[in-house]
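A structural walkthrough
Each chain, letter by letter, is given below.
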Amino acid sequence: MTTFYDEIGGFETFRRIVAKFYEGVGEDPVLRPLYPEEDLGPAEERFLLFLVQYWGGPTTYSDTRGHPRLRMRHAPFAVTPEAKEHWLSHFRAGLDEVALTPEQDQQFWDYVTHAAQFMVNSFE
């Protein structure tokens, strides 16, 4: 059975999306403070492995980190509606970096917009 992961080009496609996303995050005055590590490399790797696994690729994320528990892992950070919008703008840039079909792009975008809304935990 072909997974979405395979359908859009596997690891390299996800790597390119996440690299472009973190390029934006690294320069973003709203999002950068939410990443306590000086080096964004480890966060980039975790996000890459999460997305790869979510979309049907290798289970390296869960094998090394356990269940994603996204809300719990992000609870220490104030994820505001403004932060969500900034996050989505950088993810949009990541998706625009790769050549997905309109249907694939919409499927990915629908997931990330829902996930981003789910992560909002502060309105201050």
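The name given to the chain in an unreviewed UniProt entry is Globin, with Nocardioides conyzicola as the source organism.

Considerations on the side chain of Lys 84
Counting through the fold element by element, Lys 84 comes out in helix α6 (residues 81–96). On the accessibility criterion, Lys 84 (14% relative accessible area) is buried. Those residues within four positions of Lys 84 in sequence are excluded, and the remaining contacts are Ala 116, Gln 117 and Val 120.

Describing the packing of helix α2 (residues 10–26) against helix α3 (residues 41–54)
Running from N to C, α2 and α3 cross one another at 140°; their axes reach a closest spacing of 10 Å. Judged by the angle between their axes, α2 and α3 are oblique. In the packing of α2 onto α3, the handedness of the crossing is right-handed. Only Ala 43, Glu 44, Phe 47, Leu 48, Leu 49, Leu 51 and Val 52 of α3 make contact with α2, whose side of the interface consists of Phe 11, Phe 14, Arg 15, Val 18, Ala 19, Phe 21 and Tyr 22. Tallied by class, the residues present in the contact of α2 with α3 amount to twelve nonpolar, no polar and two charged.

Describing α2
Each full turn of the α-helix corresponds to 3.6 residues, which orients residues three or four apart in the same direction. With 17 residues, α2 extends 25 Å from end C-alpha to end C-alpha; this agrees with the ideal 24 Å at 1.5 Å per step. In this structure, the buried residues of α2 make contact with α1 (4–7), α3, α6 and α7 (102–119).

Comments concerning the nonpolar core
One finds Phe 14, Tyr 22, Leu 51, Trp 87, Phe 91 and Phe 108 to be the most contacted residues of the largest nonpolar core, which totals 34 residues. Going through the elements one at a time, α1, α2, α3, α6 and α7 are the ones with two or more residues in this core. No other element matches the seven residues that α3 contributes to this core. Residues in contact with Phe 91, not counting those within four places in the same chain, are Ile 17, Phe 21, Phe 47, Leu 51, Phe 108, Trp 109 and Val 112.

Some details on the pattern of salt bridges
Any two side chains of opposite charge can pair, so long as their charged atoms come close to each other. Enumeration according to the criterion identifies six salt bridges in this entry. Taking the shortest distance from any N to any O, the salt bridge between Lys 20 and Glu 23 comes out at 3.2 Å. Here the residue Lys 20 and the residue Glu 23 both occupy positions in helix α2, the gap between them amounting to three residues, near one helical turn. Accessibility expressed as a relative area gives 51% for Glu 23, which makes it exposed. Notably, a salt bridge pairs Arg 92 with Asp 105, separated by 2.5 Å at the nearest N-O pair. Taken together, the residues span a long stretch of sequence, with Arg 92 in helix α6 and Asp 105 in helix α7 at a distance of 13 residues. One continuous salt-bridge network, built from bridges that share partners, spans Arg 92, Asp 96 and Asp 105.

Thresholds applied
Residues numbered from 1 in each chain as written. Predicted model: local features only at pLDDT ≥ 70, side-chain atom pairs only at ≥ 80, totals over all residues. Heavy atoms only, no water. Helix = DSSP H or I, 4+ residues; strand = E, 2+ residues; numbered from the N terminus. Buried < 20%, exposed > 50% of the residue type's maximum accessible area, 1.4 Å probe, protein only. Contact = heavy atoms within 4.5 Å. Axes fitted to C-alpha atoms, helices over the stretch in contact; angles between N-to-C directions. Parallel < 35°, antiparallel > 145°, perpendicular 65-115°, else oblique. Left-handed = near helix turned anticlockwise from the far one by under 90°. Nonpolar A, V, L, I, M, F, W, Y, C, P; charged D, E, K, R; others polar. Expected span 1.5 Å × (residues − 1). Core = buried A, V, L, I, M, F, W, Y, C linked by side-chain atoms within 4.5 Å. Salt bridge = Lys/Arg side-chain N within 4 Å of Asp/Glu carboxyl O.

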